[in-house]
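# Observations on the three-dimensional arrangement
Here's the letter readout for the chains.
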Amino acid sequence: MVLLQREGVVLGCAFVLASVYLWYSGCSGPGLYCWLLTILVSTLRAVDELQVIADPVNAHRARMAYAIAMCFMPLAFHAATGQAVIASGKPLWDRELLQLDELLLGWLFPQGQLALWADANNIVNPAAIVGSLITEILQIAYVTYYLWANGIVIYLLLQLSQDPQSPQRRQRLRQIVAGLVAAYVTNFMINFLIPAVSPRLHLHDQYLNELEGVFLGKFFQSAIKAAAGGDALKPKSFGAFPSGHVGITWFAFLAARRLGLTRYAQVARIAAILMTMAVVYLRYHYAVDAIFAIVLPAAGLWAGVLTGAPDTGLHDHAPLPL
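Just so it is clear, the structure is predicted and the values come from calculations on it, not from any experiment.

Counting its secondary structure elements, the protein contains 14 helices and zero strands. Counting helices and strands in the order they occur from the N terminus, the protein gives α-α-α-α-α-α-α-α-α-α-α-α-α-α. The globule rule puts the C-alpha radius of gyration for 322 residues at 20 Å, and the 21 Å found for the protein is close to it. In terms of principal-axis extent, the alpha carbons of the protein reach across some 65 × 45 × 35 Å. Burial analysis of the protein (322 residues in total) assigns 50% to the buried set. A separation of at least 24 residues holds for 80% of the contacts in the protein among residues at least 6 apart in sequence. On the protein, the mean spot of the 20 positive side-chain charges and the mean spot of the 18 negative ones are 7 Å from each other.

And the structure:
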(Lines give C-alpha, C1' and ligand atoms only; values in the text may rest on other atoms or scores of the structure.)
Protein backbone atom coordinates (compact mmCIF):
# COMPACT_ATOMS: atom_id res chain seq x y z
CA MET A 1 0.00 0.00 0.00
CA VAL A 2 2.85 2.41 0.82
CA LEU A 3 4.49 1.83 -2.55
CA LEU A 4 1.17 2.27 -4.34
CA GLN A 5 0.55 5.59 -2.60
CA ARG A 6 3.99 6.88 -3.49
CA GLU A 7 3.61 5.74 -7.09
CA GLY A 8 0.45 7.84 -7.13
CA VAL A 9 2.33 10.86 -5.80
CA VAL A 10 5.04 10.45 -8.46
CA LEU A 11 2.55 10.09 -11.31
CA GLY A 12 0.51 13.00 -9.94
CA CYS A 13 3.58 15.27 -9.92
CA ALA A 14 4.48 14.07 -13.41
CA PHE A 15 0.96 14.88 -14.62
CA VAL A 16 1.10 18.40 -13.15
CA LEU A 17 4.51 19.07 -14.72
CA ALA A 18 3.40 17.58 -18.05
CA SER A 19 0.32 19.83 -17.98
CA VAL A 20 2.52 22.89 -17.44
CA TYR A 21 4.68 21.83 -20.37
CA LEU A 22 1.55 21.20 -22.46
CA TRP A 23 0.41 24.76 -21.78
CA TYR A 24 3.72 26.32 -22.79
CA SER A 25 4.07 24.09 -25.85
CA GLY A 26 0.72 25.13 -27.25
CA CYS A 27 -0.56 21.55 -27.00
CA SER A 28 2.05 20.26 -29.44
CA GLY A 29 5.57 18.85 -29.62
CA PRO A 30 7.44 17.52 -26.55
CA GLY A 31 4.88 19.00 -24.15
CA LEU A 32 2.10 16.98 -25.77
CA TYR A 33 4.24 13.83 -25.78
CA CYS A 34 4.92 14.24 -22.05
CA TRP A 35 1.25 14.62 -21.27
CA LEU A 36 0.16 11.65 -23.40
CA LEU A 37 2.94 9.45 -22.03
CA THR A 38 1.98 10.31 -18.45
CA ILE A 39 -1.64 9.38 -19.21
CA LEU A 40 -0.50 6.10 -20.78
CA VAL A 41 1.70 5.18 -17.83
CA SER A 42 -1.04 6.03 -15.31
CA THR A 43 -3.54 3.93 -17.26
CA LEU A 44 -1.21 0.92 -17.43
CA ARG A 45 -0.56 1.18 -13.69
CA ALA A 46 -4.28 1.31 -12.93
CA VAL A 47 -4.94 -1.67 -15.22
CA ASP A 48 -2.39 -3.73 -13.31
CA GLU A 49 -3.53 -2.66 -9.86
CA LEU A 50 -7.23 -3.25 -10.60
CA GLN A 51 -6.43 -6.57 -12.32
CA VAL A 52 -8.45 -5.58 -15.36
CA ILE A 53 -6.62 -8.11 -17.54
CA ALA A 54 -7.42 -11.64 -16.42
CA ASP A 55 -5.07 -13.48 -18.77
CA PRO A 56 -1.67 -13.87 -16.99
CA VAL A 57 0.33 -13.52 -20.20
CA ASN A 58 -1.35 -10.28 -21.25
CA ALA A 59 -1.21 -8.96 -17.69
CA HIS A 60 2.54 -9.56 -17.69
CA ARG A 61 2.86 -7.74 -21.02
CA ALA A 62 0.98 -4.79 -19.56
CA ARG A 63 3.41 -4.66 -16.62
CA MET A 64 6.37 -4.78 -18.97
CA ALA A 65 4.85 -2.00 -21.07
CA TYR A 66 4.35 0.08 -17.91
CA ALA A 67 7.99 -0.27 -16.89
CA ILE A 68 9.30 0.47 -20.37
CA ALA A 69 6.97 3.48 -20.82
CA MET A 70 8.10 4.86 -17.45
CA CYS A 71 11.72 4.64 -18.59
CA PHE A 72 10.90 6.69 -21.71
CA MET A 73 9.34 9.48 -19.66
CA PRO A 74 12.67 11.21 -18.84
CA LEU A 75 13.50 11.57 -22.55
CA ALA A 76 10.22 13.31 -23.27
CA PHE A 77 10.42 15.50 -20.16
CA HIS A 78 14.00 16.57 -20.94
CA ALA A 79 13.02 17.94 -24.34
CA ALA A 80 9.85 19.53 -22.98
CA THR A 81 11.71 21.28 -20.15
CA GLY A 82 13.94 23.19 -22.54
CA GLN A 83 10.98 24.15 -24.70
CA ALA A 84 8.97 25.34 -21.68
CA VAL A 85 11.84 27.43 -20.29
CA ILE A 86 12.27 29.20 -23.64
CA ALA A 87 8.51 29.73 -24.05
CA SER A 88 8.10 31.08 -20.51
CA GLY A 89 11.01 33.50 -20.84
CA LYS A 90 12.34 32.58 -17.42
CA PRO A 91 15.59 34.32 -16.39
CA LEU A 92 18.66 32.11 -16.05
CA TRP A 93 20.27 31.48 -12.67
CA ASP A 94 23.86 30.94 -13.82
CA ARG A 95 25.12 34.14 -12.18
CA GLU A 96 23.69 33.15 -8.80
CA LEU A 97 25.04 29.61 -9.06
CA LEU A 98 28.46 30.97 -9.97
CA GLN A 99 28.33 33.23 -6.92
CA LEU A 100 27.53 30.25 -4.70
CA ASP A 101 30.46 28.35 -6.19
CA GLU A 102 32.76 31.29 -5.53
CA LEU A 103 31.48 31.55 -1.97
CA LEU A 104 32.14 27.86 -1.34
CA LEU A 105 35.29 27.23 -3.37
CA GLY A 106 36.60 30.65 -4.33
CA TRP A 107 39.47 30.27 -1.87
CA LEU A 108 40.63 27.22 -3.79
CA PHE A 109 39.76 27.80 -7.47
CA PRO A 110 39.22 30.92 -9.60
CA GLN A 111 35.54 31.86 -9.28
CA GLY A 112 35.13 28.54 -7.49
CA GLN A 113 35.56 26.64 -10.76
CA LEU A 114 37.74 23.54 -10.83
CA ALA A 115 37.49 23.63 -14.62
CA LEU A 116 39.02 27.14 -14.84
CA TRP A 117 41.89 26.10 -12.58
CA ALA A 118 42.51 22.93 -14.60
CA ASP A 119 42.29 24.86 -17.87
CA ALA A 120 45.18 27.11 -16.82
CA ASN A 121 47.29 24.38 -15.20
CA ASN A 122 50.32 23.24 -17.22
CA ILE A 123 49.85 19.56 -16.32
CA VAL A 124 46.13 18.87 -16.23
CA ASN A 125 44.82 21.35 -18.79
CA PRO A 126 42.85 19.62 -21.58
CA ALA A 127 45.56 20.29 -24.18
CA ALA A 128 48.28 18.53 -22.15
CA ILE A 129 48.82 14.77 -22.31
CA VAL A 130 47.69 14.16 -18.75
CA GLY A 131 44.74 16.51 -19.15
CA SER A 132 43.61 14.88 -22.37
CA LEU A 133 43.67 11.46 -20.69
CA ILE A 134 41.68 12.81 -17.74
CA THR A 135 39.20 14.36 -20.18
CA GLU A 136 38.83 11.07 -22.06
CA ILE A 137 38.21 9.02 -18.92
CA LEU A 138 35.76 11.49 -17.39
CA GLN A 139 33.91 12.02 -20.67
CA ILE A 140 33.37 8.27 -21.02
CA ALA A 141 32.24 8.12 -17.39
CA TYR A 142 29.84 11.00 -18.07
CA VAL A 143 27.98 9.25 -20.90
CA THR A 144 27.58 6.05 -18.84
CA TYR A 145 24.94 7.99 -16.90
CA TYR A 146 22.36 6.42 -19.18
CA LEU A 147 23.37 2.89 -18.20
CA TRP A 148 23.42 2.55 -14.42
CA ALA A 149 19.82 3.00 -13.31
CA ASN A 150 18.40 1.63 -16.56
CA GLY A 151 20.69 -1.38 -16.17
CA ILE A 152 18.88 -2.28 -12.94
CA VAL A 153 15.51 -1.91 -14.67
CA ILE A 154 16.59 -4.18 -17.52
CA TYR A 155 17.94 -6.78 -15.08
CA LEU A 156 14.70 -6.80 -13.07
CA LEU A 157 12.65 -7.01 -16.27
CA LEU A 158 14.61 -10.11 -17.25
CA GLN A 159 14.15 -11.55 -13.76
CA LEU A 160 10.40 -10.97 -13.96
CA SER A 161 10.23 -12.55 -17.43
CA GLN A 162 11.56 -15.78 -15.96
CA ASP A 163 8.75 -15.87 -13.41
CA PRO A 164 5.96 -13.39 -14.24
CA GLN A 165 3.85 -14.55 -11.29
CA SER A 166 6.45 -13.75 -8.63
CA PRO A 167 5.05 -10.95 -6.42
CA GLN A 168 8.52 -10.17 -5.06
CA ARG A 169 9.98 -9.66 -8.52
CA ARG A 170 7.03 -7.53 -9.58
CA GLN A 171 7.39 -5.40 -6.51
CA ARG A 172 11.14 -4.87 -6.94
CA LEU A 173 10.59 -3.75 -10.51
CA ARG A 174 7.89 -1.33 -9.36
CA GLN A 175 10.21 0.01 -6.66
CA ILE A 176 13.12 0.82 -8.96
CA VAL A 177 10.89 2.27 -11.69
CA ALA A 178 8.96 4.46 -9.24
CA GLY A 179 12.19 5.63 -7.65
CA LEU A 180 13.87 6.39 -10.95
CA VAL A 181 10.93 8.36 -12.32
CA ALA A 182 10.59 10.26 -9.02
CA ALA A 183 14.24 11.30 -9.21
CA TYR A 184 13.81 12.45 -12.80
CA VAL A 185 10.55 14.33 -12.17
CA THR A 186 12.12 16.09 -9.19
CA ASN A 187 15.07 17.02 -11.38
CA PHE A 188 12.94 18.45 -14.19
CA MET A 189 10.73 20.38 -11.79
CA ILE A 190 13.76 22.15 -10.34
CA ASN A 191 15.27 22.63 -13.81
CA PHE A 192 12.09 24.42 -14.87
CA LEU A 193 11.90 26.58 -11.74
CA ILE A 194 15.64 27.39 -11.62
CA PRO A 195 16.91 27.16 -15.21
CA ALA A 196 20.64 27.49 -15.88
CA VAL A 197 22.82 26.58 -18.86
CA SER A 198 26.15 25.47 -17.26
CA PRO A 199 29.67 26.91 -16.94
CA ARG A 200 30.44 25.48 -20.38
CA LEU A 201 28.24 28.19 -21.92
CA HIS A 202 28.08 30.85 -19.21
CA LEU A 203 31.89 31.09 -18.96
CA HIS A 204 32.67 30.06 -22.53
CA ASP A 205 34.88 33.10 -23.18
CA GLN A 206 37.12 32.36 -20.19
CA TYR A 207 38.35 28.92 -21.23
CA LEU A 208 41.60 28.66 -23.17
CA ASN A 209 41.43 25.03 -24.29
CA GLU A 210 38.82 22.80 -25.90
CA LEU A 211 37.84 19.57 -24.16
CA GLU A 212 38.71 17.01 -26.82
CA GLY A 213 40.23 14.06 -24.96
CA VAL A 214 42.07 11.39 -26.93
CA PHE A 215 39.53 9.73 -29.22
CA LEU A 216 36.00 9.17 -27.91
CA GLY A 217 36.01 12.38 -25.88
CA LYS A 218 35.83 14.59 -28.94
CA PHE A 219 33.00 12.53 -30.42
CA PHE A 220 30.97 12.67 -27.20
CA GLN A 221 31.58 16.41 -26.85
CA SER A 222 30.24 17.01 -30.36
CA ALA A 223 27.15 14.91 -29.65
CA ILE A 224 26.45 16.75 -26.39
CA LYS A 225 26.88 20.15 -28.03
CA ALA A 226 24.45 19.13 -30.75
CA ALA A 227 21.86 18.03 -28.18
CA ALA A 228 22.31 20.70 -25.50
CA GLY A 229 23.51 23.54 -27.70
CA GLY A 230 26.99 24.90 -28.28
CA ASP A 231 26.01 28.56 -28.70
CA ALA A 232 25.95 30.54 -25.47
CA LEU A 233 23.36 32.87 -27.00
CA LYS A 234 21.05 30.06 -28.15
CA PRO A 235 21.09 27.29 -25.52
CA LYS A 236 18.80 24.30 -25.88
CA SER A 237 19.14 22.76 -22.44
CA PHE A 238 18.63 24.42 -19.06
CA GLY A 239 19.25 21.51 -16.70
CA ALA A 240 22.39 22.62 -14.89
CA PHE A 241 20.81 22.83 -11.44
CA PRO A 242 20.79 20.29 -9.96
CA SER A 243 22.94 17.78 -11.80
CA GLY A 244 20.75 14.95 -13.03
CA HIS A 245 23.82 12.96 -14.03
CA VAL A 246 25.18 13.04 -10.49
CA GLY A 247 21.85 12.49 -8.76
CA ILE A 248 20.64 9.61 -10.92
CA THR A 249 23.98 7.79 -10.79
CA TRP A 250 24.09 7.99 -7.00
CA PHE A 251 20.48 6.80 -6.93
CA ALA A 252 21.50 3.76 -9.01
CA PHE A 253 24.23 2.90 -6.53
CA LEU A 254 22.01 3.31 -3.46
CA ALA A 255 19.07 1.46 -5.04
CA ALA A 256 21.29 -1.43 -6.16
CA ARG A 257 22.68 -1.76 -2.64
CA ARG A 258 19.19 -1.68 -1.15
CA LEU A 259 17.98 -4.38 -3.56
CA GLY A 260 20.89 -6.65 -2.70
CA LEU A 261 22.76 -6.23 -6.00
CA THR A 262 26.06 -6.06 -4.18
CA ARG A 263 28.52 -6.35 -7.06
CA TYR A 264 26.54 -3.98 -9.23
CA ALA A 265 26.42 -1.49 -6.36
CA GLN A 266 30.20 -1.63 -5.92
CA VAL A 267 30.78 -0.72 -9.57
CA ALA A 268 27.98 1.87 -9.54
CA ARG A 269 29.63 3.56 -6.55
CA ILE A 270 32.82 4.07 -8.55
CA ALA A 271 30.74 5.36 -11.46
CA ALA A 272 28.98 7.84 -9.15
CA ILE A 273 32.28 9.17 -7.81
CA LEU A 274 33.68 9.57 -11.33
CA MET A 275 30.42 11.21 -12.45
CA THR A 276 30.65 13.77 -9.66
CA MET A 277 34.19 14.64 -10.73
CA ALA A 278 33.31 14.60 -14.43
CA VAL A 279 30.44 17.09 -14.40
CA VAL A 280 32.62 19.74 -12.74
CA TYR A 281 35.87 19.13 -14.65
CA LEU A 282 34.08 18.92 -18.01
CA ARG A 283 32.31 22.27 -17.40
CA TYR A 284 28.83 20.79 -17.54
CA HIS A 285 27.86 21.81 -14.02
CA TYR A 286 28.68 24.14 -11.17
CA ALA A 287 29.88 22.56 -7.93
CA VAL A 288 26.60 23.50 -6.24
CA ASP A 289 24.76 21.54 -8.94
CA ALA A 290 26.58 18.40 -7.85
CA ILE A 291 26.08 19.14 -4.15
CA PHE A 292 22.34 19.81 -4.42
CA ALA A 293 21.90 16.73 -6.59
CA ILE A 294 21.44 14.88 -3.29
CA VAL A 295 17.72 15.73 -3.47
CA LEU A 296 17.31 13.42 -6.48
CA PRO A 297 18.39 10.10 -4.89
CA ALA A 298 16.53 11.17 -1.74
CA ALA A 299 13.32 11.56 -3.76
CA GLY A 300 13.92 8.30 -5.60
CA LEU A 301 14.64 6.24 -2.50
CA TRP A 302 11.55 7.65 -0.81
CA ALA A 303 9.24 7.04 -3.77
CA GLY A 304 10.50 3.51 -4.35
CA VAL A 305 10.44 2.63 -0.63
CA LEU A 306 14.13 1.81 -0.96
CA THR A 307 15.27 3.15 2.39
CA GLY A 308 16.47 0.97 5.23
CA ALA A 309 18.92 -1.91 5.43
CA PRO A 310 20.00 -3.72 2.21
CA ASP A 311 17.74 -6.54 1.08
CA THR A 312 18.90 -10.13 1.48
CA GLY A 313 19.03 -10.60 -2.28
CA LEU A 314 16.88 -11.05 -5.33
CA HIS A 315 15.40 -14.38 -4.35
CA ASP A 316 11.74 -15.33 -4.23
CA HIS A 317 12.04 -16.35 -0.61
CA ALA A 318 13.39 -12.93 0.40
CA PRO A 319 11.02 -10.94 2.62
CA LEU A 320 9.16 -8.01 1.16
CA PRO A 321 10.74 -4.75 2.32
CA LEU A 322 7.43 -2.95 2.87
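What follows continues from the structure just given.
Judged by nonpolar contacts, the single largest core of 73 residues is most densely connected at Y21, F77, L173 and I176. In this structure, L97, A115, L203 and V288 belong to the second largest nonpolar core, which totals eleven residues.

Our next topic: helix α1 (residues 2-25). Taking 1.5 Å per residue as the helical rise, α1 with its 24 residues ought to reach 34 Å, and the 34 Å between its terminal C-alpha atoms agrees with that figure. Buried within α1 are the following residues: L3, R6, E7, V10, L11, A14, L17, A18, Y21, L22 and S25. Check the buried side of α1 and you find it contacts α2 (29-49), α3 (56-88), α8 (167-193) and α14 (295-303). Of the residues one or two after α1, G26 is the one with positive phi, at around 70°.

Let's shift gears to unusual backbone geometry. A cis amide bond, omega -10°, links F241 with the succeeding residue P242. When you line up the elements, P242 lands in the loop between α10 (216-228) and α11 (244-258). Even without being a glycine, Q111 presents a positive backbone phi close to 55°. According to the relative accessible area criterion, Q111 is partly exposed, its value standing at 25%. The residue R283 is not glycine, and still its phi comes out positive at about 75°. Topologically, R283 is positioned in the loop between α12 (262-281) and α13 (287-292).

Conventions used here
- Residues numbered from 1 in each chain as written.
- Predicted model: local features only at pLDDT ≥ 70, side-chain atom pairs only at ≥ 80, totals over all residues.
- Heavy atoms only, no water.
- Helix = DSSP H or I, 4+ residues; strand = E, 2+ residues; numbered from the N terminus.
- Rg over C-alpha atoms; globule rule 2.2 N^0.38 Å.
- Buried < 20%, exposed > 50% of the residue type's maximum accessible area, 1.4 Å probe, protein only.
- Contact = heavy atoms within 4.5 Å.
- Lys, Arg positive; Asp, Glu negative; His and termini not counted.
- Charge placed at Lys NZ, Arg CZ, Asp CG, Glu CD.
- Core = buried A, V, L, I, M, F, W, Y, C linked by side-chain atoms within 4.5 Å.
- Expected span 1.5 Å × (residues − 1).

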